[in-house]
Amino acid sequence: MLRYVARRVLESIPLLLGIAVLSFIFMQLAPGGPDALFARNGRMSAEQLAAIRRSMGLDRPPHEQLLAWITNIFQGDLGVSYSQFRPVSHVIAEVFPNTVILMAAGLLISLVSALVFGILAARRPYGIFDNVTSFLSYFGLAMPVFWFGLMLQLLFAVRLGWLPSAGMYSPDGGSTQDLLRHLTLPALTIAIGSIAGWSRYVRSSTLEQLSQDYVRSARSKGLTERRVMTGHVLRNSLIPLVTVVGIDVPLYLTGAVLTETVFSWPGMGRLFYDALTVRDYPVLMGILVLGAALIIIGNLIADLVYGLLDPRITYE
Amino acid sequence: MSLEVSAKSTPGDPGNRLAGSAGPGFTVNTVAPDLIAKPARSPWSIAYSRFRRSKLALFGMVIITLMTLATLFAGVIAPYGENEIDLFNITAQPSEAHVLGTDELGRDELSRLLFGGRISLFVAVGAALISTLIGIVVGTVSGFYGGWIDTLLMRFVDLMLAFPAIFLLLIMFAMYGSSVLSVVLFLGVFSWMWLARVIRGEFKSLKERDFVEAARSIGVPNGIIIRRHLLPNVMAAIIVSTTLNIAYAMLSEAALSFLGFGVPPETPTWGNMLNTARPYYVTVPILAIAPGLTLTIAVLAISFVGDGMRDALDPRGRS
């Protein structure tokens, strides 16, 4: 098991390195170079420009710059924001927790809903409940995430006024209840795609388990249906779900950008969007690298958890 | 008593068959003539009849055909021009004159929906085709030649999968601006990975089979082996992957355009119509509902067709 963990972690490091290199190349590709914003500023003198270029390290040979960039990343230094003149890592660190809250809420909702819907659908295959949830999940997968968010906003916030339409807290609020009210619609929006996809997965995986021999043995042993389900079937059908969850992490990042834009949620996604509009490249690169790192870590955790649940795959 | 043997291609050579089934390539009937085995049907006709049995897939096919025709003939059936402005009816509610209302410049929403569908569909299909092409090339080279190029390409695939595509695309379009063509190109460049992996896996296993060795031993060049013997086996995966990629590309284009970094707003697509509708969605909600609903229905239809094709082309299904 330990060797499996070590192997997976070791495989991830070149990936992280590759991402750092690629993002560096990207930054160089920006029209006008990384110092474009300053170069375009007509009021700068030549010496000021040269000084800025020196401070950004642009006068050093490319491989030195690359090395500096990579070492900086691993030390947590992602450069300085063009628009806020603060270290990028600070700018991101301010909003990152908000995105984590959103994603965690979405994940929780997705997991619980997918399990409930999937298992209930599997207990009576092709019944009414199954058909309805199947159709709804097709719909949920086909919908653009941001459109769903807009519709939720329109219905529950604007027309019905039940829930706040934007932001993370009310101007005067700050309580947990306030947070939860603001969290509801965005979390639901970010979760809908996953609910749709995972519930179908849980359904087919549970159906597969229910036809296995051990279920028949358990039943003939006299176990209650409930014990069979929770004690045996549930655990085995959860296993493939773990991989699906891990693979869906990139989807969550995409969803975060779109959802946070729709609901003005002050998170990493909206920071990305704001930075886009002002072409704040260091922030953009920082979020890109962070996002990629999250994906890699997500996959890693998924593999490790899978190894825990099903030790057979560690024997390679 | 009569012995009937219907000749087919030799067992195991999928030169003109679909993936996988390794059953005997001939039928033997030793009983009376009225129980003679029917002539062999091509795998395509088998798949076709299986496809027709799925109501959802047929439904999807009908919908998507209607949509495509409607957008292709938008010039004929749209009540107004694509950019025709009605100055007296800016952000108007749905009325007799404008069935779905008008947008912020006075353009008829329904007409824009029809014209916008053209671009949305074009972008989606174009991106899917590009991604299929890249996927086939990478998968073929990787699976057939193996060795270091295989390792290199698969590491590259891992790298591409680790990047959050939307961030990358947004940054690129922010840097260089976007156009219909660049959106098509870049969407295609980011969605070929799954197909490449599948093709690589299939080729790796097929490469070792006897019929490939037989072909090699009589001097068939590699290119012909790939084209005639290996590629037809992955046709099913290619078709399904392309179809589902169309759906995925449509949603991606919508997301990019919604954020303002997809197709520029002069050319309507369903995605950027949602973007321009955003400030007005409280007063004229139909402007936000309509493009999104059309998108959802289109993607739904394509998904049904894609799933139907996958089930129909699956060699393990019943016929």
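Residues numbered from 1 in each chain as written. Chains lettered and ligands numbered in written order. Predicted model: local features only at pLDDT ≥ 70, side-chain atom pairs only at ≥ 80, totals over all residues.

This next bit is on the overall build of chain B. Helix and strand counts for chain B come out as 13 helices and two strands. Per-residue burial over chain B gives 41% buried out of 319 residues. Counting contacts in chain B only where the partners sit at least 6 residues apart, residues at least 24 apart contribute 71% of the total. (Helix = DSSP H or I, 4+ residues; strand = E, 2+ residues; numbered from the N terminus. Buried ≥ 20, exposed ≤ 12 C-beta atoms within 10 Å, placed from the backbone. Contact = placed C-beta atoms within 7 Å.)

A separate point is the overall build of chain A. When helices and strands are counted, chain A shows 13 helices and zero strands. Secondary structure elements of chain A, listed N to C terminal, follow the sequence α-α-α-α-α-α-α-α-α-α-α-α-α. Residues counted as buried form 36% of the 316 residues belonging to chain A. Across chain A, every contact between residues at least 6 apart in sequence was considered, and the portion connecting residues at least 24 apart equals 69%.

This part covers helix H5 (residues 147-162) of chain B. Within an α-helix, residues lying three or four positions from one another point in the same direction, as the helix has 3.6 residues per turn. Here H5 of chain B is 16 residues long and its end C-alpha atoms lie 23 Å apart, about the 22 Å a rise of 1.5 Å per residue gives. All of the buried residues in H5 of chain B are Leu153, Val157 and Ala162 of chain B. Where H5 of chain B is buried, its residues contact helix H1 (2-29) and helix H13 (281-309) of chain A together with helix H4 (109-145) and helix H8 (193-206) of chain B. (Expected span 1.5 Å × (residues − 1).)

So, on to the interface of chain A and chain B. A common way to state how big an interface is: give the accessible area lost once the parts meet. Listed as interface residues are 34 residues of chain A and, on the opposing side, 30 residues of chain B. Taken together, the elements giving at least two residues each to the side of chain A that touches chain B come down to H1, helix H6 (128-142), helix H7 (145-159), helix H11 (249-263), helix H12 (268-278) and H13 of chain A. With seven residues, H13 of chain A is the single largest residue contributor to the side of chain A that touches chain B. Here the residues of the side of chain A that touches chain B are counted per class, giving 29 nonpolar, four polar and one charged. (Nonpolar A, V, L, I, M, F, W, Y, C, P; charged D, E, K, R; others polar.)

Bringing the nonpolar core into the picture now. The biggest cluster of nonpolar side chains holds 148 residues, and the ones touching the most others in it are Leu284 and Ile287 of chain A together with Leu170 and Met250 of chain B. For Ile287 of chain A, the contacting residues outside a window of four places in its chain are Ile92, Met268, Leu271 and Phe272 of chain A together with Phe167 of chain B. (Core = buried A, V, L, I, M, F, W, Y, C linked by C-beta atoms within 7 Å.)

The next subject is the packing of helix H2 (residues 55-72) of chain B against H4 of chain B. All names here are of chain B. It is at 7 Å that the axes of H2 and H4 come closest, and there the two elements cross at 115°. Accordingly, the angle class assigned to the pair H2 and H4 is roughly perpendicular. For the crossing formed where H2 meets H4, the hand is left-handed. Contacts from Met67, Thr68, Ala70 and Thr71 of H2 reach H4 at Leu114, Gly117, Arg118 and Leu121. Among the residues making up the contact of H2 with H4, the classes are represented as four nonpolar, three polar and one charged. (Axes fitted to C-alpha atoms, helices over the stretch in contact; angles between N-to-C directions. Parallel < 35°, antiparallel > 145°, perpendicular 65-115°, else oblique. Left-handed = near helix turned anticlockwise from the far one by under 90°.)

The next subject is the confidence of the model for chain B. Residues and elements named next belong to chain B. Mean pLDDT for chain B: 82, with 87% of residues reaching 70 or above. Between the elements of chain B, mean pLDDT differs from a low of 39, seen in strand S1 (residues 4-5), to a high of 92, seen in H4. For residues 1-23, every residue scores under 50 in pLDDT, and the model assigns this stretch 48 contacts once sequence neighbours within four places are set aside. The ipTM, which scores confidence in the relative placement of chains, is 0.83 for this predicted complex, and the corresponding pTM is 0.83. (pLDDT = per-residue confidence, 0-100.)

Another point: H7 of chain A. With 15 residues, H7 of chain A ought to run about 21 Å at 1.5 Å a step, and its terminal C-alpha atoms sit 20 Å apart, in line with that. Along H7 of chain A, the largest kink reaches about 30° and is centred on Gln153 of chain A. Along H7 of chain A, the residues classified as buried are Val145, Phe146, Trp147, Phe148, Gly149, Leu150, Leu152 and Gln153 of chain A. Considering only its buried residues, H7 of chain A is in contact with helix H8 (176-210) and H11 of chain A together with helix H11 (235-258), helix H12 (270-277) and helix H13 (286-313) of chain B. Where H7 of chain A ends, the next residue or the one after it, Gly161 of chain A, has phi of about 70°, a positive value. (Bend = angle between axes of the 7 residues up to and from the residue.)

The next thing to look at is unusual backbone geometry. Residue and element names in this part refer to chain A. Even without being glycine, Phe85 reaches a positive phi, approximately 55°. Along the polypeptide, Phe85 turns up in the loop between helix H4 (62-75) and helix H5 (88-123). Its identity as a non-glycine residue notwithstanding, Tyr126 has a phi of 65°, on the positive side.

This next bit is on the packing of H4 of chain B against H11 of chain B. Residue and element names in this part refer to chain B. Between H4 and H11, the shortest axis-to-axis distance is 8 Å and the interhelical angle comes to 135°. Considering their axes alone, H4 and H11 lie oblique with respect to each other. Remark: the crossing between H4 and H11 carries right-handed chirality. Facing Ser120, Val123, Ala124, Val125, Ala127, Ala128, Ser131, Thr132, Gly135 and Ile136 of H4, the residues of H11 in contact are Ile238, Ser241, Thr242, Asn245, Ile246, Ala249, Met250 and Glu253. For the contact of H4 with H11, the residue count by class is ten nonpolar, seven polar and one charged.

Turning our eyes to something else, we now look at the environment of Pro282 of chain A. Residues and elements named next belong to chain A. Tracing the chain through its elements places Pro282 in helix H13. Residues Pro282 and Met168, 114 residues apart in the sequence, show an inter-C-alpha distance of 26 Å. Apart from residues lying up to four places away in sequence, Pro282 is in contact with Leu78, Gly79, Val80, Ser81, Tyr82 and Val88.

All names here are of chain B. With respect to the secondary-structure elements, Gly201 resides in helix H8. Given 15 C-beta atoms within 10 Å, Gly201 falls into the partly exposed group. For the pair Gly201 and Thr132, spaced 69 residues apart in sequence, the C-alpha to C-alpha distance is 16 Å.

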